[in-house]
There are 2 protein chains.
Amino acid sequence: MSEKLRQHIEEIIKLTDEEFEYVLSHFTYRRFLKNQYVIQNGDYAKYDYFVLNGLLKSWQIDEKGKSHIVLFATENWWISDPQAYHNQSNAILNVDCLEDSETLSISLENREKLCAEMRKMEYFFRKKTTAGYVASQKRILSLISYNAKQRYEYLIQQYPGLLQRVPKSLIASYLGISRETLSRLTSQRP
Amino acid sequence: MSEKLRQHIEEIIKLTDEEFEYVLSHFTYRRFLKNQYVIQNGDYAKYDYFVLNGLLKSWQIDEKGKSHIVLFATENWWISDPQAYHNQSNAILNVDCLEDSETLSISLENREKLCAEMRKMEYFFRKKTTAGYVASQKRILSLISYNAKQRYEYLIQQYPGLLQRVPKSLIASYLGISRETLSRLTSQRP
DNA sequence: CTCATTATGTGACAATTGTCCTTTGTCTTG
DNA sequence: CAAGACAAAGGACAATTGTCACATAATGAG
């Protein structure tokens, strides 16, 4: 099971068996059930979660009570409240499970410990964070330049099979439009 | 002048004079005039620019010909096309100057060279990228959860004095609304 | 200083999207 | 098997926002 984490890391740097065992010892395995909360708004966001399998989402409620999905996370994605995690502050986001899920989580202390002790892991986390930053920039571009239909197409390309796994009301919540508007978009025959 | 870069780096790690001189030797000083392009869509985005003074913006044109501003960069900000820079591909964004500006730029090769040679600089860039990632997440949250009025208030808080430096049509372009809608928002007396 | 250009505000109208409601079908659970 | 919960589509109407047109103010070049 932890092989998935190893493969994920080795896309960037190669590790010996001993090194990987040491890295792995800094992670905690945790299993969540469908609908279970991983992080709740206001909690201390202690961990960043690497998803082994299942499906999770991070989201926020606005002042009018509407929820907005920031991210869907499937196998090999990371999920947390990044702001709260890196600043060691209380979570603004919620993270919960759309399906039963298995994760490997790492605290910020352990992440910094690994970076300080292993040059390879500092390189890995630097590269991984850079990739996350670039992906965030793409998301920002899609939010400011694309209309809802284009964002929908980008979503189904980015998450193949997601439509079969989640209700369309959640897709609409990710896109920032109402369920009804999404329904109108997808029923158009262009 | 390069003292600004030193102060910026030393918010995260302390450097000796020799170390800073060595770091600085990997940057290139460059001056730009108002309206001059720093990066053009389709160009090879070789550099990441640290802004010493002036005001720049990064932006994109959508398929209908409307432009959307991604970022305003003033003193002590970094600006580039992150996706193109980190993936060594052609720019999707444009970067140009709203005022005469001075910058210190670093190529990806020199950045990686510094990271490989100086542990402190790898730490610096890791922390800086993490901060950029967190800031991007905040921008995503503001785009999906806030209405135009709230985004406007967040913008003037994030860039104090910007309203006095740029036309409102550019503010509207950053917020993703029309010039007229922005005008109506700001003339409301609530 | 003058003239042209740009920036800004506002009204009228169109287009888009949200909200509310009903209907239908599917799935879950006792 | 039946009842309730949930998901989805579509109609009617309201609210928001964009577009176009025009007037005025501010700015900049020669």
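Placed above this text is the structure.
Analysis parameters
- Residues numbered from 1 in each chain as written.
- Chains lettered and ligands numbered in written order.
- Predicted model: local features only at pLDDT ≥ 70, side-chain atom pairs only at ≥ 80, totals over all residues.
- Heavy atoms only, no water.
- Helix = DSSP H or I, 4+ residues; strand = E, 2+ residues; numbered from the N terminus.
- Rg over C-alpha atoms; globule rule 2.2 N^0.38 Å.
- Buried < 20%, exposed > 50% of the residue type's maximum accessible area, 1.4 Å probe, protein only.
- Contact = heavy atoms within 4.5 Å.
- Areas by Shrake-Rupley, 256 points an atom, 1.4 Å probe, with all protein chains shown as cover.
- Near = heavy atom within 4 Å.
- Polar contact = N/O pair within 3.5 Å; in protein donor to acceptor, adjacent residues only side chain to side chain.
- Nonpolar A, V, L, I, M, F, W, Y, C, P; charged D, E, K, R; others polar.
- Salt bridge = Lys/Arg side-chain N within 4 Å of Asp/Glu carboxyl O.
- Axes fitted to C-alpha atoms, helices over the stretch in contact; angles between N-to-C directions.
- Parallel < 35°, antiparallel > 145°, perpendicular 65-115°, else oblique.
- Left-handed = near helix turned anticlockwise from the far one by under 90°.
- Buried area = accessible area lost by both parts, 1.4 Å probe.

Draft legend 1. Layout of the overall build of chain A. When helices and strands are tallied, chain A shows nine helices and eight strands. Taken over C-alpha atoms, the radius of gyration comes to 18 Å for chain A, in line with the 16 Å a tight globule of 190 residues would show. Across its three principal axes, chain A shows a C-alpha extent of roughly 55 × 35 × 30 Å. Within chain A, the proportion of its 190 residues that are buried is 52%. Within chain A, residue pairs in contact and separated by at least 24 positions form 66% of the contacts whose partners lie at least 6 positions apart. Summing over all exposed atoms, chain A offers an accessible surface of approximately 9,100 Å²; the carbon and sulfur share of this is 48%.

Draft legend 2. Here's a closer look at the protein's contact with DNA strand D. In the vicinity of DNA strand D, 15 residues are found, and the nearest of them are Lys 168 and Arg 184 of chain A together with Ser 178, Glu 180 and Thr 181 of chain B. Sugar and phosphate atoms constitute 59% of the interface atoms of DNA strand D, taking the interface as everything within 4 Å of the protein. Within the side chain of Ser 183 of chain A, a nitrogen or oxygen atom sits 3.5 Å from a phosphate oxygen of DNA strand D. Separating a phosphate oxygen of DNA strand D from a side-chain N or O atom of Thr 181 of chain B is a distance of 2.2 Å. Residues belonging to the surface near DNA strand D are distributed by class as follows: two nonpolar, six polar and seven charged.

Draft legend 3. The arrangement of the pattern of salt bridges in detail. Under the counting rule described, the total for this entry stands at 28 salt bridges over all chains. When the shortest N-O distance is used, the salt bridge between Lys 57 of chain B and Asp 96 of chain B registers 2.9 Å. Here Lys 57 of chain B, found in strand S4 (residues 56–61), pairs with Asp 96 of chain B, found in strand S7 (residues 94–97); they are 39 residues apart in sequence, far enough to count as distant. Across the pair, exposure class does not vary: Lys 57 of chain B and Asp 96 of chain B are buried alike. For the salt bridge of Glu 180 of chain B with Arg 179 of chain B, the shortest nitrogen-to-oxygen distance reads 3.4 Å. When its relative accessible area of 37% is taken as the criterion, Glu 180 of chain B is described as partly exposed. Put simply, Glu 112 and Glu 122 of chain A together with Arg 119, Arg 126 and Lys 127 of chain B are held in one network by salt bridges that share partners.

Draft legend 4. The arrangement of the packing of helix H5 (residues 119–145) of chain A against helix H5 (residues 119–145) of chain B in detail. Where H5 of chain A meets H5 of chain B, the closest approach of the two axes is 9 Å, and the angle between their N-to-C directions is 25 degrees. Classified by the angle between their axes, H5 of chain A and H5 of chain B sit roughly parallel to one another. Pair H5 of chain A / H5 of chain B crosses with left-handed handedness. For the contact of H5 of chain A with H5 of chain B, the per-class residue count stands at 12 nonpolar, 10 polar and eight charged.

Draft legend 5. Structural detail: the interface of chain A and chain B. Taken together, the 36 residues of chain A in the interface contact 36 residues of chain B. Summing both partners gives a buried area of about 3,700 Å² for chain A against chain B, and 58% of it is carried by carbon and sulfur. On inspection of chain A and its partner chain B, the count reaches eight salt bridges. Residue Glu 122 of chain B is joined to Arg 119 of chain A by a salt bridge in which the shortest nitrogen-to-oxygen separation is 3.0 Å. Inspection of the region where chain A meets chain B yields 19 residue pairs in polar contact (both at pLDDT 80 or more). Residue assignment for the side of chain A that touches chain B shows that the elements contributing at least two residues are strand S5 (67–73), helix H3 (82–87), helix H4 (108–117) and H5 of chain A. Broken down by class, the residue content of the side of chain A that touches chain B amounts to 15 nonpolar, 12 polar and nine charged.

That is the geometry; function is a separate question.
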